[in-house]
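Survey of secondary and tertiary structure
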Amino acid sequence: MSITTDRPAVSNGGTPLPVSLKHARLPRWSPPVIALAAAGAGVGIGLGAGLDSTVQWGLIAAALFVLGTFVLAAAVEGTRQAKDRLATSLVWMAFLIAVVPLASLLWETVSRGTAVLDGYFLSHSMGTTPDALPGGGIYHAIIGTLEQVGLATLIAAPIGLLTAIYLVEYGRGRLARAVTFFVDVMTGIPSIVAGLFILSVWILILGFGPSGFAGSMALAILMMPVVVRSTEEMLKLVPNELREASLALGVPKWRTILKVVLPTSIGGITTGVMLSIARITGETAPVLLLVWGAKTINNNPFEDAQQSLPLYVFQQWQQGSEASYDRAWAAALVLIAFVMILNLVARGIARWKAPKSGR
C-alpha cells in the first residue's frame with residue numbers, strides 16, 4: 001500500500017526543495033497562428049472539395065480552429081486546460097457566427113443604400129415619378145412612419161404602463177392571472193393577425209377606410225405586450241424598502257407609486273418603450289393591409305391611404321427595376337438609421353434618469 005502526503009519534497013540534507021506552481025502553457029501567439037492555419041486549411045479543403053461558397057470555407061476553418069486548439073492544448077497544457085480552451089473557442093465561434101451575417105447585412109445596406117441617398121431623396125415623394133425610372137424620394141414614407149408609430153405609441157404606452165403597474169402593485173387573484181396570461185399570448189401574436197383583426201373590425205364592420213390610424217391600432221396591439229413585460233420587470237427591480245419607507249410616512253399608495261416607484265424605474269421603462277417602438281417600426285404586414293400605401297404626401301393619418309418606410313421598401317422591391325432596387329436599399333438604410341437613433345435616445349434617457357448614487 002502506498003501512502004501520499006502533502007509535505008513538500010526535501011533533499012538529502014533536509015532542505016525543502018522548491019515546488020513549482022507553473023505549468024506548461026501555449027504561447028500567446030498560438031491562437032492567431034492556429035486561426036491562420038485553420039483558415040488556410042479551410043480554403044484548401046473547400047477548393048479541393050469543389051465548394052464555391054466562402055461561408056462553407058469559413059465553417060470548415062472554424063471547426064479546424066476549435067479542433068486544433070483542443071488538440072494542441074491537450075498535448076501541452078493538459079486535458080483540463082484543453083477543455084477550458086475548447087469552451088472559449090466555441091463561445092468565440094458562436095459570437096462570430098452571429099456577428100458576421102449582421103455585419104454583412106449592414107455593409108450591404110450601407111454600400112447599396114448610399115447610391116441614391118441624398119437631400120433630394122429625403123425631401124421628395126414618388127408623386128410624379130414612375131417606379132421604373134430614377135428619381136423620387138421617401139418624404140411621404142417618412143411622414144407616414146412618424147405619424148403611425150407616434151399614434152401607436154400614444155395608444156400602447158399608457159395602456160401598457162398602467163397594466164404593468166396593476167400587475168406589480170395591485171394584481172392579485174384570478175384577474176391578475178388572466179391579464180398575465182393574455183399578455184403572454186399577445187406577445188406571440190404574428191403581426192398579420194393584428195392587422196386582420198383591425199381590418200375586420202375597423203374597416204369591414206365599422207366601415208372606415210384605410211388610413212394611417214388603422215395601421216397605428218394594429219401596431220399598438222403588437223407594442224402593448226412588450227411595454228407591459230419590460231415595465232413589469234423594471235417595477236419589480238424597485239426595492240420594497242423604498243415603498244415601505246414611503247408608506248411608513250403616511251404617503252398613500254398611489255402617491256408612492258407616482259413619486260417613488262416610477263421615478264426610480266423611469267430609465268428602464270423608457271428603454272423598454274423605445275425598444276418596443278423599434279420593434280414595430282419595421283412591421284410591413286399590418287401596414288399593407290390597413291394603410292395600403294400612397295405615392296403622394298398625406299399628412300392626415302385619419303383619412304385616406306398613407307405610406308410608410310417598410311411598406312415603401314416592399315413595394316419598390318416588387319417593381320423589379322434597377323432604380324426601384326436603389327430606392328429600396330436607400331429606404332432600408334434610413335429605416336435602420338431611424339431604429340438606431342431610437343436606441344441611442346433610449347440609452348441617453350436611461351442614463352439621464354438613472355438614480356444618482358450618494359457618497
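Note that the structure is a prediction, hence the values are computed from the model and not measured. (Residues numbered from 1 in each chain as written. Predicted model: local features only at pLDDT ≥ 70, side-chain atom pairs only at ≥ 80, totals over all residues. Heavy atoms only, no water.)

When pLDDT is averaged across the protein chain, the result is 88; 92% of the residues are at 70 or more. Between residues 1–6, whose pLDDT stays under 50, and residues either more than four places distant or in other chains, the model counts zero contacts. (pLDDT = per-residue confidence, 0-100. Contact = heavy atoms within 4.5 Å.)

Moving on to the pattern of salt bridges. Opposite charge on two side chains makes pairing possible when the charged atoms of those side chains draw close. Applying the stated criterion to the full structure yields eight salt bridges. The partner of Arg85 in a salt bridge is Glu77, with the nearest N and O atoms 2.8 Å apart. Grouping residues by exposure puts Arg85 and Glu77 together as buried. Across the pair Glu283 and Arg279 runs a salt bridge whose closest N-O atoms are separated by 2.4 Å. The exposure class of Glu283 is buried, given its relative accessible area of 14%. Accessibility expressed as a relative area gives 33% for Arg279, which makes it partly exposed. Residues joined by salt bridges that share partners form a network here, namely Asp184, Arg229, Glu232 and Lys236. (Salt bridge = Lys/Arg side-chain N within 4 Å of Asp/Glu carboxyl O. Buried < 20%, exposed > 50% of the residue type's maximum accessible area, 1.4 Å probe, protein only.)

Here the focus is the domain arrangement of the protein chain. What the domain assignment lists for the protein chain is domain 1 (29–115) and domain 2 (138–353). Here domain 1 and domain 2 have C-alpha centroids that lie 39 Å from each other. Residue-level contacts link seven residues of domain 1 with six residues of domain 2. Between domain 1 and domain 2 lies a buried interface of about 670 Å² when both sides are counted; carbon and sulfur atoms form 74% of it. Of all residues in domain 1, Thr109, Arg112 and Gly113 give up the largest surface area on contact with domain 2, accounting jointly for 68% of the area buried on that side. Where domain 1 touches domain 2, the interface holds zero salt bridges. (Domains from an automatic or database assignment. Buried area = accessible area lost by both parts, 1.4 Å probe.)

With that out of the way, let us pick up empty space enclosed by the protein. A water-sized probe, rolled over the atoms, reveals where empty space remains. Applying the stated rule across the entire model yields one cavity of 30 Å³ or more. Taken as a whole, the largest cavity encloses approximately 40 Å³ of empty space. Together, Thr145, Gln148, Val149, Leu219, Ile280, Thr281, Glu283, Val287, Ser308 and Pro310 line the largest cavity. Taken together, the elements giving at least two residues each to the lining of the largest cavity come down to α5 (139–170) and α10 (253–281). The dominant element in the lining of the largest cavity, judged by the number of residues it contributes, is α5, at three residues. Each residue belonging to the lining of the largest cavity can be placed in one class, and the counts come to five nonpolar, four polar and one charged. (1 Å grid on protein atoms, 1.4 Å probe; cavity = no way out; pocket = protein on both sides within 12 Å on 5 of 7 lines; lining within 4 Å. Points joined across faces, edges and corners; volume = space filled by probe spheres on them. Helix = DSSP H or I, 4+ residues; strand = E, 2+ residues; numbered from the N terminus. Nonpolar A, V, L, I, M, F, W, Y, C, P; charged D, E, K, R; others polar.)

In the numbering used here, UniProt assigns the "transmembrane region" (unreviewed entry) feature to residues 33–51, 57–76, 88–107, 149–168, 180–205, 211–228, 260–280 and 328–350. End C-alpha atoms of residues 149–168 are separated by 27 Å, and the span's content is 100% helix alongside 0% strand. Within the segment residues 328–350, helix and strand shares are 100% and 0% respectively, and the terminal C-alpha atoms sit 33 Å apart. (UniProt positions renumbered as here; feature names shortened; annotations may be inferred.)

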